[in-house]
Amino acid sequence: MLLAACSAAAGAPFSHKLHLALELQCTQCHAAAAISTKTDDNLLPSASACVNCHEQMTIAAPPTTRVVHFSHAQHLKIGNVAPVIAAAIDKKTYLQSVGDIRRHLDTRNACQACHRGLEESDAVTAAAMPQMADCLVCHSQIDNPFSCEKCHDKNANLKPANHVADFLDTHTTGKLGLDKTTCAVCHGRTFRCLGCH
């Protein structure tokens, strides 16, 4: 047995870095991902997947997500979308700040195209979860609030914290220091304020 115990709770120490260095494939541990068609499917490894190397396992409940319609199975059939996301970043059509995303997209691992940074990760965090801008590279028709419901629950509160009651009055003054590019993820790159107001 390699390790006595392992924990996979959100924010808990768990080394994807170590497991990927052992040349394990994502679906060896996350076997359900290949057939998962719903976001509420539990894709965490089963204890039986871990007993070959670990004596004890503590696996927490899967993290919650605001996405309610997503099929891992369908997306895995597409193959590696990393080159597609990389091309959007290179063409400057990616709809949010890029940060260090681009350096992770030279991968042949289809899972790491959206779950980036795992090869460096020693803790389970939200940082490895896909960004909405990743989805919008292919699913580019933005007509909010109607297009939001393709992935999100129709009653989901998706408004940013700064969209308070007087937002319509204050955001046009310039006092909020808004960068219009941050609005693109929800409103699209070519939105016009008068399109809604």
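Cut-off values and rules
Counting of residues starts from 1 at the beginning of each chain's written sequence and follows it residue by residue. With the structure being a predicted model, the display of local features is reserved for residues of pLDDT at least 70 and the display and counting of side-chain atom pairs for 80 or more, all residues being used for whole-chain, interface and lining totals. Side-chain metrics in this entry use all non-hydrogen atoms of the structure; hydrogen atoms and water are not considered. Starting at the N terminus, helices and strands are each numbered in turn, a helix being any DSSP run of H or I of at least four residues and a strand any DSSP run of E of at least two. Classification of residues uses two cut-offs on accessible area relative to the type maximum, computed with a 1.4 Å probe and protein chains only: under 20% is buried, over 50% is exposed, and between them is partly exposed. Contacts are residue-level and defined by heavy atoms, with any inter-residue pair within 4.5 Å sufficient. Areas reported here follow the Shrake-Rupley algorithm with a probe of radius 1.4 Å; residue values treat only the protein chains shown as occluding. For the purposes of this analysis, a disulfide is any pair of cysteine sulfur atoms at a distance within 2.5 Å. Put simply, a salt bridge is a Lys or Arg side-chain nitrogen that is within 4 Å of an Asp or Glu carboxyl oxygen. Working note: the arc is built from the helix axis to C-beta atom directions. Residues adjacent in sequence count toward polar contacts only when both atoms are side-chain atoms; beyond that, a polar contact is any pair of N or O atoms within 3.5 Å, and within protein one must be able to donate a hydrogen and the other to accept it. Per-residue confidence from the predictor is reported as pLDDT, which spans 0 to 100.

Another aspect to go through is the overall build of the chain. Helices and strands together make up the secondary structure of the chain, namely nine helices and zero strands. Shown N-terminal to C-terminal, the secondary structure of the chain runs as helices and strands in the order α-α-α-α-α-α-α-α-α. Buried residues in the chain amount to 24% of all 197 residues. Taking the intrachain contacts of the chain between residues at least 6 apart in sequence as the baseline, contacts between residues at least 24 apart amount to 64%. Carbon and sulfur atoms make up 58% of the accessible area of the chain, which amounts to about 13,200 Å² in all.

As a further point, take the environment of proline 13. Take proline 13: it is sitting in the segment before helix 1 (16–21). For proline 13 and valine 124, which are 111 residues apart along the polypeptide, the C-alpha to C-alpha distance reads 6.4 Å.

Here the focus is the state of the cysteines. Note on terminology: disulfide describes a covalent bond linking the sulfur atoms of two cysteines. For the structure shown, the criterion picks out zero disulfides. Cysteine 114 takes part in no disulfide bond, and the closest cysteine sulfur, belonging to cysteine 135, lies 6.8 Å away.

Turning our attention to the pattern of salt bridges. For the coordinates displayed, the defined rule picks out six salt bridges. Aspartate 41 serves as the salt-bridge partner of lysine 38, at 4.0 Å between the closest nitrogen and oxygen. Aspartate 106 is the partner of arginine 102 in a salt bridge, and the nearest nitrogen-oxygen pair spans 3.4 Å. A relative accessible area of 25% means that arginine 102 is categorised as partly exposed. We classify aspartate 106 as exposed; its relative accessible area is 66%. Taken together, the salt bridges that share partners define one network made up of Asp90, Arg102 and Asp106.

Within helix 5 (residues 82–90), burial applies to Ala82, Ile85, Ala86, Ala88 and Ile89. Mapping the buried residues of helix 5 onto a view down its axis gives an arc of 160°, with all of them on the same face. Where helix 5 is buried, its residues meet helix 6 (110–114) and helix 7 (132–138). Among the residues trailing helix 5, lysine 92 stands out with phi positive, at a value near 65°.

In this fold, glutamate 119 is placed in the loop between helix 6 and helix 7. Considered as a pair, glutamate 119 and leucine 20 are 99 residues apart in the sequence and their alpha carbons are 6.3 Å apart. With residues near it in sequence (within four places) discarded, glutamate 119 still touches Lys17, Leu20, His104 and Gln112. Within polar-contact distance, the side chain of glutamate 119 engages the side chain of histidine 104 at 2.9 Å.

With that settled, consider the confidence of the model for the chain. Overall, the prediction assigns the chain a mean pLDDT of 80, with 81% of residues at 70 or greater. Long-range and interchain partners of residues 1–9, a stretch whose pLDDT sits below 50, account for 27 contacts in this model, where long-range means more than four residues apart.

Time to look at the side chain of serine 121. Structurally, serine 121 is set in the loop between helix 6 and helix 7. Engagement of the side chain of serine 121 in a polar contact is seen with the backbone oxygen of alanine 123, the distance being 2.7 Å.

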